[in-house]
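Residues per chain are reported as follows:
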Amino acid sequence: MKAKTIAIHSSRGGTGKTLIATNLAAILAMRGSNVAFLDLDFSSPSLATVFSKKVDDPVLYWLNDFFNGKCRPDQILIDVSEKTDMKGRLLIGLANPTVAAIQNTIKKSRAWEVTAVKKLFAMLSAFFKEMDIDCCILDTSPGIQFSSINAVVSSDLSITVTTLDSLDIESTKIILSDLYDALSKKTAVLVNKFSTEMKLQSNEDQNILTSKLEEMLKHPVIGMIPCYCDVLQAERTSLLAVEKPSHPFIRKLEEVADKLEKSQYLT
Amino acid sequence: MERDSLKTDPALISLINEIGQINKKLDSLFLLNQRMLKAQEEVIRRSGLKFELDSMTLLVLPASLRKTVMALYKLEKGTAKDIAEETRRLRAVESASANQLVRMGYLKKKREGRDVYFYIEPALELKE
């Protein structure tokens, strides 16, 4: 896959970014890629909870420790693919979810952020060169924050997740022009949780809406995922791509993965 | 003959004089600019001021300078040629861009043998 580092970002919270990032990482690993999946949302970490049932031992090193110079890049990765049927490996890097760690991150100075962005580049380089990682998925904090910009800067492709809510669309337009275009980053938009009441049953209907969105946002739309109530209500510790691979939500993400593997968003 | 008459044409002589004076003014402006840039560099060097080149700052930099910085995030340190290979722009463009960032206080440069390396000054590691 040409896109080695993919940042999953959104202009606002609640778009389903983490759910998408988690299952996309799992799908790529199930297809045979060695995937590093990192939680770069230091102000509101969630992957420690998502993978709590798949990590037996206490976490020795958090991503925070790497950025604070306390460990090597390889020491933060935890292999969660052993318990699941995956052709490749899924290795996760968790952000420390304790209040003390979050406070510590918020207190960091701009000088620390300079080091952080350089360390992120060094970490990704170590993953690809020394650890046989094929693809790195970065789950970011929403909006414009240091950690999310660092993720976007260091990625080959950014996928910005949005709903069709007018506030989401407007703020997505802003970050597309003021962040991604400003940084000359390859970007694709993924629409999530669109209402099934929109009756976009046929492919033709979806294609018309996709074209309209692409025209309005001036960026390609990589996928359109309807709102599935059972997905929203499911326990967040369940890995849908593994447990229910034929679920329509996962099927839609499979289509996104197909497009990523064909690299059509990077040419 | 016609050429000789041109040489004595008062309008032409006046024009040549004017051009000569414009040339002199341009030369002095160029020298003044060079002196100002050096002075600016020296003031920043002596003051010890550090301008943090974090990713948020990237967004407010002009696009041409932003590309150079993004290449240096990846390279850690590099000559104008190294940066140009990363950005796929001309070496001269990267040299001008990197030197401007040095003058703005965002980059540092050091000579190693015959090469000049540009780099983002390492920030102090903060302890938890």
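Residues numbered from 1 in each chain as written. Chains lettered and ligands numbered in written order. Predicted model: local features only at pLDDT ≥ 70, side-chain atom pairs only at ≥ 80, totals over all residues.

**Considerations on the confidence of the model for chain B**
Atom-level detail of predicted coordinates should not be read off regions where pLDDT is low. Residue and element names in this part refer to chain B. Put simply, chain B has an average pLDDT of 85, and 87% of its residues get 70 or more. Within the model, pLDDT remains below 50 along residues 124-128, and this stretch shows 8 contacts once partners closer than five positions in the same chain are excluded. Reported for the predicted complex are a pTM of 0.81 and an ipTM of 0.72. (pLDDT = per-residue confidence, 0-100. Contact = placed C-beta atoms within 7 Å.)

**Description of the interface of chain B and chain A**
Taken together, the contact between chain B and chain A spans 18 residues of the former and 20 residues of the latter. Counting only elements with at least two residues in the side of chain B that touches chain A, the list comes to α3 (55-58) and α4 (63-75) of chain B. Of the residues contributing to the side of chain B that touches chain A, the split by class is 11 nonpolar, 1 polar and 6 charged. (Helix = DSSP H or I, 4+ residues; strand = E, 2+ residues; numbered from the N terminus. Nonpolar A, V, L, I, M, F, W, Y, C, P; charged D, E, K, R; others polar.)

**Things to note about the environment of Glu41 of chain B**
All names here are of chain B. Among the secondary structure elements, Glu41 is positioned in helix α2 (residues 10-47). With 58 residues separating them in the primary sequence, Glu41 and Asn99 have C-alpha atoms 9.9 Å apart. Here Glu41 is in contact with Val102 and Arg103, once residues within four sequence places are set aside.

**Details of the pairing of strand β3 (residues 115-119) of chain B**
All names here are of chain B. For strand β1 (residues 77-78) and β3, the ladder comprises 2 bridges, and the chain directions are antiparallel. If you follow Lys77 over to β3, its bridge partner there is Tyr119. The pairing of strand β2 (residues 108-112) with β3 spans 5 bridges and is antiparallel. In the strand pairing of β3, Lys109 is matched with Phe118. Hairpin connection between β2 and β3: a loop of 2 residues separates the two successive antiparallel strands, and Gly113 in this loop has a positive phi of roughly 65°. (Pairing = 2+ DSSP bridges.)

**Looking at helix α7 (residues 166-181) of chain A**
All names here are of chain A. The terminal C-alpha atoms of α7, which comprises 16 residues, lie 21 Å apart, in line with the 22 Å expected from a rise of 1.5 Å per residue. Approximately 30° is the largest bend angle found in α7, and it occurs at Ile175. Where α7 is concerned, the buried positions are Asp168, Thr172, Ile175, Leu176 and Leu179. Those residues of α7 that are buried lie in contact with α6 (146-154), β6 (157-162), β7 (186-194) and α8 (203-217). (Expected span 1.5 Å × (residues − 1). Bend = angle between axes of the 7 residues up to and from the residue. Buried ≥ 20, exposed ≤ 12 C-beta atoms within 10 Å, placed from the backbone.)

**Side note on the nonpolar core**
Of all hydrophobic cores here, the largest spans 94 residues; its most connected members are Leu24, Ala25, Val35, Leu90 and Ile137 of chain A. Among the elements that make up this core, the one with the highest residue count is helix α1 (residues 17-30) of chain A (10 residues). (Core = buried A, V, L, I, M, F, W, Y, C linked by C-beta atoms within 7 Å.)

**Section: α6 of chain A**
Since there are 3.6 residues in each turn of an α-helix, residues three or four apart along the chain are aligned in direction. The element α6 of chain A is largely enclosed, with a buried count of 9 among its 9 residues. Listing the buried residues of α6 of chain A in full gives Phe146, Ser147, Ser148, Ile149, Asn150, Ala151, Val152, Val153 and Ser154 of chain A.

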